[in-house]
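The primary structure of each chain is shown beneath.
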Amino acid sequence: MTGRILVVDAVPTNRIILRVKLSAAFYEVVQAASGHAAIAMIRKAKPDLVMTSSDLPDMSGRALCAAIQRDPANARTPIVIIHGEEDAHERLASLSAGADDVLVRPIDDLVMLARLRSLLRARDAEAELQLRDDTRRALGLGFEEETNAFTQPATVNLITTGNLTDPEALLHGLRDRLDHRIELVDAEDALRERTPAPDVVVIAEGPDSRGEGLMLLPQMRASSLTRQAAIVYVAQSHQRREAASALDMGANDLLGSGPDLTELAIRLKKQIARKRTNDRLRANLRDGLRAAVADPLTGLYNRRYAMPHIRKLAERAAEQRRPYTLLVADLDHFKQVNDRYGHGAGDAVLVALAERLRDNLRAADLISRWGGEEFLVAMPDTDLPAARATAERLCQVMAQQPVTLPDGRALTVTLSIGVAIGRPGDQAGPLDLIERADRALYAAKDKGRNTLVIADRVTALPRRRPAPIQPEAHIGPEARHASRT
């Protein structure tokens with residue numbers, strides 16, 4: 001499943017239609033017929049997103065939205081309010097009440113599914129940042145945040161394409177509604193270095209646009225200047241495919257019927273607030289945590305950070321009934337590298353492995369130096385096939401790319417990996433899972449090194465070190481397979 005969605009509607013037919021459409025897109029659907037039933041279901045099922053009708057038997061959709069957001073445990077849950085007909089006043093009222101988006105029946109399935117994917121991606125990214133901030137505080141590094149008497153205005157870049165009618169009027173209208181720095185930027189200059197970097201970029205397509213704004217999106221997500229900026233895409237009513245594509249290509253928010261000034265201002269306020277929250281969480285992580293919980297040689301997290309993070313990861317996986325994976329990786333014959341080439345060479349090998357792990361794992365995966373030449377990787381929402389493919393790739397990357405030592409020589413060093421899967425309903429805790437992965441690692445050493453072993457198959461193996469081998473074996477390229485049996 002790609003996520004759990006709560007559908008709230010008093011009309012059974014409406015619930016059934018949405019359930020069929022969402023199930024076909026591999027979402028798990030839970031249902032409620034009233035606002036109070038929805039609140040009870042949220043506590044029980046912990047949905048990833050809520051879709052509610054604007055009219056419920058016991059309260060309005062806006063009242064339900066407010067009730068959900070009053071609960072700190074659910075304040076970040078995305079909420080979509082569905083209206084029976086297009087009404088500009090009601091739409092703006094729902095957005096002002098805190099809804100992340102508003103849909104109107106009959107619902108455009110293409111745009112709806114793109115909106116849901118975008119909202120869930122944003123929720124997962126924010127949850128990961130919050131998880132890391134919670135880990136920092138659990139380590140005793142959570143100091144009171146300084147309150148700034150003055151908050152600098154955000155910078156919003158406005159880009160228009162396709163002969164949009166009077167972009168200057170749009171610019172001045174936004175300036176009248178927002179106390180932020182709004183600048184009209186030419187599309188050709190949007191990716192050029194500028195100070196300050198934009199907090200939000202608005203891309204507004206004109207009636208004659210042929211997707212010029214859409215083509216900017218992947219470039220903005222790849223550019224260091226705009227990678228962290230929020231992007232609001234404004235499409236015209238006839239550009240439904242462009243609108244759906246924009247959300248899948250990285251836009252954070254969407255206006256699907258042209259640049260309505262009031263709605264755009266509401267959405268910009270929300271995106272600016274989210275950007276600032278995420279920036280603060282990143283800064284907390286970078287400035288308040290790294291020195292205490294980072295390995296000084298490789299820059300990876302150390303054991304002190306990894307343990308509480310893995311505990312929280314396991315708790316969240318159990319709540320969401322999703323698997324997670326732990327990999328314990330160890331460099332083969334690392335002592336011989338130090339003995340034969342010196343500790344400078346050993347450090348170069350450790351740094352190279354850390355870089356290759358970062359380059360070949362996801363941003364959400366935790367990579368830590370567990371001790372010495374041993375590394376631990378925690379991978380959320382990862383089942384056995386994905387874990388096996390990842391471990392195989394890491395072994396191949398290390399074995400196929402020699403490490404350049406400080407003296408210029410090339411040295412091939414291989415990797416053994418133990419893999420353990422935490423599954424929904426598994427009673428084993430994180431420490432048990434680490435022990436399983438550790439046993440699997442020793443099994444991989446016994447198997448001949450430069451390989452992986454899945455923990456489920458070696459749970460009965462005793463914990464022991466493999467027998468020592470001759471220093472010449474498996475060190476340079478000429479001996480790459482010397483220890484294989």
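Worth saying up front: this structure is predicted, and the values here are computed from it rather than measured.

Each helix and strand counted, the protein chain has 14 helices and 18 strands in total. Per-residue burial for the protein chain yields a buried fraction of 51% across its 485 residues. In the protein chain, 68% of the contacts between residues at least 6 apart in sequence involve partners at least 24 apart. Only carbon and sulfur atoms are counted for the fraction: they give 51% of the accessible area of the protein chain, which is about 22400 Å².

One open sheet accounts for five strands, arranged β7-β6-β8-β9-β10; its pairing is parallel. Taken across any chain shown, the strands that pair with only one partner, and hence form the sheet edges, are β7 (181-184) and β10 (253-255). Mean inter-strand twist for the sheet, computed between neighbouring axes without regard to direction, equals 20°. Both strand β6 (residues 155-161) and strand β8 (residues 200-205) contribute to a ladder of six bridges, which runs parallel.

Quick look at the side chain of threonine 325 now. For threonine 325, the location among the structural elements is in strand β12 (residues 324-331). Judged by its relative accessible area of 0%, threonine 325 falls in the buried class. At a separation of 3.1 Å, a polar atom in the side chain of threonine 325 contacts the main-chain carbonyl oxygen of threonine 382. Setting aside residues no more than four positions away along its own chain, threonine 325 makes contact with Val377, Ala378, Met379, Thr382, Asp383, Ala387, Val419, Ala420 and Ile421.

Two pairing modes exist for strands in a sheet, parallel and antiparallel, and in both the strands are linked by backbone hydrogen bonds. Judged by pairing direction, the sheet is mixed, and its six strands sit side by side in the order β11-β13-β14-β12-β17-β18 without closing on themselves. Each end of this open sheet is capped by a strand with a single partner; those strands are β11 (301-302) and β18 (452-454). On the sheet, helix α14 (residues 430-447) packs against β12, β13 (366-371), β14 (374-380), β17 (415-422) and β18 and is oriented at approximately 145° with respect to β17.

What follows concerns the pattern of salt bridges. Oppositely charged side chains can pair when the atoms bearing their charge come close. Under the defined criterion, the tally for this structure stands at 30 salt bridges. Between glutamate 28 and arginine 4 there is a salt bridge whose closest N-O contact spans 3.3 Å. You can see glutamate 28 sitting in strand β2 (residues 28-32) and its partner arginine 4 sitting in strand β1 (residues 4-8), a full 24 residues away along the chain. When the shortest N-O distance is used, the salt bridge between arginine 105 and aspartate 9 registers 2.6 Å. Of the two residues, arginine 105 is situated in the loop between β5 (101-104) and α5 (109-138) and aspartate 9 in the loop between β1 and α1 (12-24); the sequence distance between them amounts to 96 residues. Bridged by salt links that share partners, the residues Arg91, Asp101, Arg115, Asp253, Glu263 and Arg267 form one connected network.

Counting residues in hydrophobic clusters, the biggest one holds 33 residues, and the most contacted among them are Leu331, Val349, Leu415, Ile417 and Val419. Those elements that provide at least two residues to this core are β12, α11 (334-341), α12 (343-360), β14, α13 (384-400), β17 and β18. For this core, the element with the highest residue contribution is α12, accounting for seven residues. Listed in part, the 26 residues of the second largest apolar core include Tyr301, Leu376, Ala378 and Ala437.

What follows covers the packing of aromatic side chains. For the coordinates displayed, the defined rule picks out one aromatic pair. Note on tyrosine 301 and tyrosine 305: the rings are 4.1 Å apart at their centroids and 15° apart in plane angle, and the pair reads as stacked. For the pair tyrosine 301 and tyrosine 305, one class covers both residues: buried.

By the alternation rule, side chains of β5 split into Asp101 and Leu103 and Val102 and Val104, which are all buried. The pairing of strand β4 (residues 79-83) with β5 spans four bridges and is parallel. Note on β5: the bridge partner recorded for valine 80 is aspartate 101. With respect to chirality, the unit in which β4 leads through helix α4 (residues 88-96) into the neighbouring parallel β5 is right-handed.

Now for helix α6 (residues 167-177). Listed in full, the buried residues belonging to α6 are Leu170, Leu171, Gly173 and Leu174. Taken down its axis, α6 places every buried residue within 165° of arc, on the same side.

Criteria and thresholds
Positions within a chain are numbered from 1, following the residues in the order the chain's sequence is written. Per-residue local features are limited, in this predicted model, to residues with pLDDT of at least 70; the limit for side-chain atom pairs, both in listing and counting, is 80 or more; totals at the level of whole chains, interfaces and linings are taken over all residues. With hydrogens and water set aside, each side-chain value is computed from the structure's full complement of heavy atoms. A run of H or I in DSSP becomes a helix once it reaches four residues, and a run of E becomes a strand once it reaches two; helices and strands are each numbered from the N terminus. In this scheme, a residue with accessible area under 20% of its type's maximum is buried, one over 50% is exposed, and one in between is partly exposed, where area comes from a 1.4 Å probe on protein chains only. Residue contacts are counted whenever heavy atoms from the two residues lie within 4.5 Å of one another. Surface exposure here means Shrake-Rupley accessible area, sampled with a 1.4 Å probe, where a residue is shielded only by the protein chains that are shown. At least two DSSP bridges between two strands are required for those strands to pair. Here, axes are lines fitted to C-alpha atoms. For helices the fit covers the stretch in contact, and angles between N-to-C directions go from 0 to 180 degrees. Polar contact is defined as a pair of N or O atoms within 3.5 Å, subject to the rule that within protein one atom must be able to donate a hydrogen and the other to accept it, and that residues adjacent in sequence are counted only when both atoms are side-chain atoms. The salt bridge definition used is simple: a Lys or Arg side-chain nitrogen within 4 Å of an Asp or Glu carboxyl oxygen. Only buried residues count toward a nonpolar core. Its members are Ala, Val, Leu, Ile, Met, Phe, Trp, Tyr and Cys residues joined through side-chain atoms within 4.5 Å. Each Phe, Tyr or Trp ring (for Trp, its six-membered ring) is paired with any other whose centre lies within 6.5 Å, and the angle between the two planes then decides the class: stacked below 30 degrees, edge-to-face above 60, tilted in between. By the criterion used throughout, a crossover qualifies as right-handed when its path from the first strand across the helix to the second strand runs clockwise, the strands pointing away from the viewer. Of all possible arcs, the one meant is that of the directions from the helix axis to the C-beta atoms.

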